[in-house]
Amino acid sequence: MRQAGRYLPEYRALKARHSFGEMVRTPALAVEATLQPLRRFALDAAILFSDILVVPEALGQPYRFRDAGGIGMEFRLETAAQLDALAVDGLEDRLGYVGQALRLLRRELGAESALLGFGGSPWTLACYMVEGGGSEEFPETLRRFAGDRAFFDALLEKLTAALVRYFRMQIACGVDAIQIFDSWGGLVAGADYEAASLQWIRRIVAALPADFPVILYAKGTARHLAEQAAAGVRVLSVDWTVDLAQAHQDLTQNPQPKTQNRRVALQGNLDPALLGTTPGEVRAAATRLLESMRGRPGHIVNLGHGIRPDAKLDCVAALVDTVTSWR
């Protein structure tokens, strides 16, 4: 999950001198923010310091951080004319700063640490674009999805094409894996999840180089784990509300036809709030998770969501130490 953030004093010092947007769009600053956690902790991978909303911005719909908190888009995507104006061609050039940051990181990391690229799912990006910013329930997005499917499908088609280009660019710049964040996949249930999100993720994975590792994180979608495992991804990142050992058992005992000869790893899934408690509580919870997955191959230890600003450094250190010393 996200590694950089306000829990690091060195990140806060960097953020005091530069805006978030400046840090994302300046390769040297993005590299610095990406590497800060690795200098403190024995982590296996670095994940690019960026934002999923750089893709809508590159298409022609900029974003900003509201004074009162949260994300706002420059405008709400409402009309066919606005949709038509979103430009996929030239996206790689407009996101060239991402490629520059990745190439710098690849040289810095060498073969010592993995480098992860990422992006939002088409559905999750569409939520921000149609709603006009962040929301807890995205009511306008759900209304539009239910009432104007042609508009929504056209938007998801365009976002899928853009993300394929974006991920191919990241792969060319040296990332070892791509993580897709379907952060708002849990807003839609049943057949709607397939229509709104999973079918587009499947198209993206199929358009990337064969067997390139793709990690899928989809918050609040535990009931769809089997379908997600059959989407061509190599890793499912599971939120903290799921019993990870049970999920592994379910996927192993009842595999989807397309995954019977192919192992899908699980990533996760400690509650991020744990890092705001005490080192002792962190060690106990991490040990319970590790023991629950003992003998179950293909587990990547991680949080079940992004690290929070109130995470304590001694708790993060305790988590890393517990995992790296576990046998």
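Since the model is a prediction, treat every value here as computed from it, not as a measurement.

Trainee: Got a sec to walk through the sheet that holds strand β5 (residues 177-182)? Specific residues and values, please.
Mentor: Read across the sheet, 7 strands follow the order β1-β4-β5-β6-β7-β8-β9 without closing on themselves; strand pairing throughout is parallel. Bordering the open sheet on either side are β1 (45-47) and β9 (299-303), each of which pairs with just one other strand. Here the average twist between neighbouring strands, direction ignored, is 25°. Packed on one face of the sheet, helix α10 (residues 149-172) meets β4 (114-120) and β5 and runs near 170° to β4.

Trainee: Let's hear about the side chain of T141: which residues, and what values?
Mentor: As for its position among the elements, T141 is in helix α9 (residues 139-147). A residue is classified by how much of its surface remains accessible, and T141, at 0% relative accessible area, is buried. Within the structure, T141 has its side chain in polar contact with the side chain of E131 (distance 2.8 Å). Here T141 is in contact with W123, C127, V130, E131 and F152, once residues within four sequence places are set aside.

Trainee: I'd like to hear about the environment of D51, residue by residue, with values.
Mentor: Mapped onto the fold, D51 is located in the loop between β1 and α4 (54-59). A C-alpha to C-alpha distance of 32 Å links D51 and A284, two positions 233 residues apart in sequence. A distance of 2.8 Å separates a polar side-chain atom of D51 from the backbone nitrogen of L53.

Trainee: Explain the packing of helix α8 (residues 122-131) against α10 to me, and be specific about the residues and the numbers.
Mentor: At a closest axis distance of 9 Å, the pairing of α8 and α10 adopts a crossing angle of 120°. On the basis of the axis angle, α8 is oblique to α10. The crossing of α8 and α10 is right-handed. Note on element contacts: α10 touches α8 through F151, F152, L155, L156, L159, T160 and L163, opposite P122, W123, L125, A126, M129 and V130. Taken together, the residues that form the contact of α8 with α10 break down as 12 nonpolar, 1 polar and no charged.

Calculation rules
- Residues numbered from 1 in each chain as written.
- Predicted model: local features only at pLDDT ≥ 70, side-chain atom pairs only at ≥ 80, totals over all residues.
- Heavy atoms only, no water.
- Pairing = 2+ DSSP bridges.
- Helix = DSSP H or I, 4+ residues; strand = E, 2+ residues; numbered from the N terminus.
- Axes fitted to C-alpha atoms, helices over the stretch in contact; angles between N-to-C directions.
- Contact = heavy atoms within 4.5 Å.
- Buried < 20%, exposed > 50% of the residue type's maximum accessible area, 1.4 Å probe, protein only.
- Polar contact = N/O pair within 3.5 Å; in protein donor to acceptor, adjacent residues only side chain to side chain.
- Parallel < 35°, antiparallel > 145°, perpendicular 65-115°, else oblique.
- Left-handed = near helix turned anticlockwise from the far one by under 90°.
- Nonpolar A, V, L, I, M, F, W, Y, C, P; charged D, E, K, R; others polar.

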